Amino acid sequence: MRLSRSLPARWPRPGRLAIQFGLAFAIAMIAIGLIGFSLADHWVSSRIDQSLTYHTAKYLAKVAGDPADEPGLEAAIHEWQHRKVLSERTYMLFDRDGRRLAGRLDITPPAAGFSDVRFTAGGRHYEIGRALATRLRSGGLFVIVQHSEAAEGLHALLPMVVLTISLVALVLGVSATFLFARLTARRLGETQNTAAAIAAGDLSRRIPTERLDGMFAVQAESLNQMLDHMAELVRAQQLFSSNLAHDLRTPLTRLRSLLERASRDDQAGFASLLDRAERECSSIIGIFDALLRLAEIETGQHPTAMASVPLRPLVEDIADTMEPVMTDRGGTLGVRRLDDVTVIGDPDLINQLLINLLENVATHTPPGTNVTLALERGEGRAMITIRDNGPGLEAGDRMRVMQPFERGSAVMSREGSGLGLAIASAIARFHRGSLELVDAAPGLEVRICLPANDGQDAAGIAGLAQAS
Amino acid sequence: MHLLIVEDDQVIADHIVSGLNRAGHSTTLARTGAEAIRAWAGQPHHAVVLDRMLPDIDGMSVIDHMRRHGDDIPVLMLSALGSVKNRIEGLQAGADDYLAKPFSVDELAARLHAIARRNMPRPGKAGIEIGALQLDASSHCATYHGRSTVLNRKQYSLLAHLMGHADRVVTKTMLLEAVWSYSFSTATNIVESNMSRLRTALQDIGCDPIETQRGAGYILRADRCA
């Protein structure tokens, strides 16, 4: 499919992220190189200065307390020149007029303290040395110059080394990024293959997790869970469709046989056949009405008039309405208890919830079944109970009948849309409540719990309105 | 009544026209919104049956056009869109009633009667009275020639609605909508059972004005309240 063609898993393009990552790595390496070299440079310089201070002190100690210090130092320098052939250090002595008394370096006397001096070694090119000049008591100037090949070399190397390190770091950084991108792509490749397979229609495929670790495993796990959930929803949808088709088939088949009979029969039976055909049509229309209603409630499309609903008058009204229906079927409808309790809800939907449940009793229990209705106020909730003394439901059936088009196994009649309980349960959920079926031994008890509204009208309405 | 029917589907249009003709009404048929506006401007009608989805402009725009020209002619909107939301949209657009497809012609005729004659007696604060039959709003008490019976809330509302629509057919769906305010369809004989209770209660005081119209609905005959 398109997905798999546009995203080849084997050779991914590095992408902007990889390039950015490589650049950041190179910049970091350059910064580290610069810092390292400035630290080394500083260390070498301070070693040279320490050495100059040390030797100055050593020579001045030789003439300490001597008022004629110049000749003493001059002699010491001559003695050193005589002794040392090769040294990175050299000693100079100037008199108070700046004339050189001792030492072989051709420089002008520097200012007292540390300074850099330029000198020629053999007259060809200038070199730079570090000098420490000390003013003597007699007015002369004692200078030690140190010329460090190592420090100079270090300075000369610095740009080259920084450049080389940067290039190497860039190459390493980009390669590492590419490698990382490939390793990531190889792990994501499994996900992409799975996604492509699912897009092609194979809903049973899952991302293999055995070769994955860390965040990839966690991600694959959560994707697989999502796929499980979606597959479950699709299965439920398919079951719903096939149940719907089955439920429509029955009235349609009856309708067709009625029409066939009408085409064969004489005119005498026509009226009754047409009447029955009309009833089959109504039953088909009823299924569609209920389906639309269920979809409307479950998708939140129902235009709700959320309000504070006092349940007591509502339940009384329902009892008044359904009592004649139950009586006409040879049973009774009694009210056991009616507490005053208010909920936030849509009165039209709550009416339908209760009517659906009572009509369920009326259509799915034998004639003469009695029903009792109760409204109780509990801990922050309103509980409506509808209990009948009919044959009840098996434990397995009690869960199943909440699903669309499912009926109790003992129920023979296919009256009604088959969606009554599904709609009732959707309405309870819509009100953040619950609906459960309990064995009433004998009979069945339906318990509806809705959150009670205890004086927090505004907040409650706002909350439910947002939820819907 | 002379009615304007706006419906583009041939079969449904024929069904409506023949059904309403049989019920004694004359009709003009328009198949598009443009035709409907021409027919409406051409001659006066008592009411309009308007399909919501038309090939050119939608039914809402047709109502809008008529209302903008200051005509408050009763409009019954027909639609395959049958959710509560669609119904509210239709009524907000200015329709007087909204009927979802599929429907029966009897239902359509009954609803047209209801919207075409809007100024009928309504139950006031004190109650409503037809002939000798009196219905008291505060005590929910029905009185006929000195004999009276107390009705429960549902029976009271049923009788009040029937008396408010005396001599006209009121269908079960209309009663579910008006008396119970249910927007959903029911699976049992809620209307029949309650109506039967009401009739028994009225018969007990010697009054039997309610007639069942087979397959269509109920009618309260004013002459039987004398």
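Quick caveat, the model's predicted, so the values are computed rather than measured.

Caption draft 1: Highlighting the overall build of chain A. Looking only at helices and strands, chain A features 11 helices and 12 strands. Relative to its full complement of 468 residues, chain A shows a buried share of 25%. Considering only residue pairs separated by 6 or more positions, chain A has 64% of its internal contacts joining residues 24 or more positions apart.

Caption draft 2: Summary view of the packing of helix α8 (residues 347-364) of chain A against helix α10 (residues 420-430) of chain A. All names here are of chain A. Between α8 and α10, whose axes approach to 9 Å, the crossing angle comes to 145°. Along this stretch, α8 crosses α10, giving a crossing that reads as left-handed. When α8 is examined against α10, the residues L349, Q352, L353, N356, L357, E359 and N360 are found in contact with a partner set consisting of G420, L421, I423, A424, I427, A428 and F430.

Caption draft 3: Local environment of α10 of chain A. Residues and elements named next belong to chain A. Buried residues dominate α10, accounting for 10 of its 11 residues. Taken together, the buried positions of α10 are occupied by G420, L421, A422, I423, A424, S425, A426, I427, A428 and F430. Those residues of α10 hidden inside the fold are in contact with α6 (270-298), α8, β11 (434-439) and β12 (444-451). Directly beyond the C-terminal end of α10, a positive phi value near 60° is found at R432.

Caption draft 4: Examining the nonpolar core more closely. Counting residues in hydrophobic clusters, the biggest one holds 112 residues, and the most contacted among them are V6, V49 and L159 of chain B. It is α8 of chain A that contributes the most residues to this core, nine residues altogether. Excluding residues that lie within four positions of it along the chain, L159 of chain B makes contacts with L135, A142, L151 and L198 of chain B. With 17 residues, the next largest nonpolar core counts I48, Y91, M92 and L141 of chain A among its residues.

Caption draft 5: Expanded view of the confidence of the model for chain A. In the predicted model, chain A carries a mean pLDDT of 82, and 91% of its residues have values of at least 70. The low-confidence segment residues 1-11 of chain A, where pLDDT is below 50, has 13 contacts with residues more than four positions distant or belonging to other chains.

Caption draft 6: Structural context of the sheet that holds strand β5 (residues 97-100) of chain B. Residue and element names in this part refer to chain B. Reading across the sheet, the five strands line up as β2-β1-β3-β4-β5 and stay open at both edges, with parallel pairing between neighbours. Only two strands of the sheet have a single partner each, and these edge strands are β2 (26-30) and β5. The mean angle between the axes of side-by-side strands here comes to 20°, regardless of whether they run parallel or antiparallel. Sheet topology places strand β3 (residues 47-51) next to strand β4 (residues 75-79); four bridges connect them, and they run parallel. Across the sheet, D51 pairs through a bridge with L78, a residue of β4. Helix α3 (residues 59-68) contacts β1 (2-6), β3 and β4 of the sheet and is inclined by roughly 150° relative to β3.

Caption draft 7: View of the sheet that holds strand β9 (residues 147-150) of chain B. Residue and element names in this part refer to chain B. Read from one edge to the other, the open sheet built from four strands follows the order β6-β7-β8-β9, with strand pairing classed as antiparallel. A single partner strand is all that each edge strand has here, and the edge strands are β6 (127-130) and β9. Adjacent strand axes in the sheet meet at a mean angle of 15°, parallel and antiparallel pairs treated alike. Looking at chain direction, strand β7 (residues 133-136) and strand β8 (residues 141-144) are connected through four bridges and run antiparallel.

Caption draft 8: Here's a closer look at the interface of chain B and chain A. Between chain B and chain A, the residue contacts involve 24 residues of the former and 24 residues of the latter. Among the secondary structure elements, those contributing two or more residues to the side of chain B that touches chain A are α4 (84-92), α6 (153-164) and α8 (190-204) of chain B. Across the side of chain B that touches chain A, the residue classes tally to eight nonpolar, 12 polar and four charged.

Caption draft 9: Quick peek at the confidence of the model for chain B. Of all residues in chain B, 96% have pLDDT values of 70 or greater, and the mean over the chain is 89. The complex model carries a pTM of 0.67, and its ipTM stands at 0.85.

Rules of the game
- Residues numbered from 1 in each chain as written.
- Chains lettered and ligands numbered in written order.
- Predicted model: local features only at pLDDT ≥ 70, side-chain atom pairs only at ≥ 80, totals over all residues.
- Helix = DSSP H or I, 4+ residues; strand = E, 2+ residues; numbered from the N terminus.
- Buried ≥ 20, exposed ≤ 12 C-beta atoms within 10 Å, placed from the backbone.
- Contact = placed C-beta atoms within 7 Å.
- Axes fitted to C-alpha atoms, helices over the stretch in contact; angles between N-to-C directions.
- Left-handed = near helix turned anticlockwise from the far one by under 90°.
- Core = buried A, V, L, I, M, F, W, Y, C linked by C-beta atoms within 7 Å.
- pLDDT = per-residue confidence, 0-100.
- Pairing = 2+ DSSP bridges.
- Nonpolar A, V, L, I, M, F, W, Y, C, P; charged D, E, K, R; others polar.

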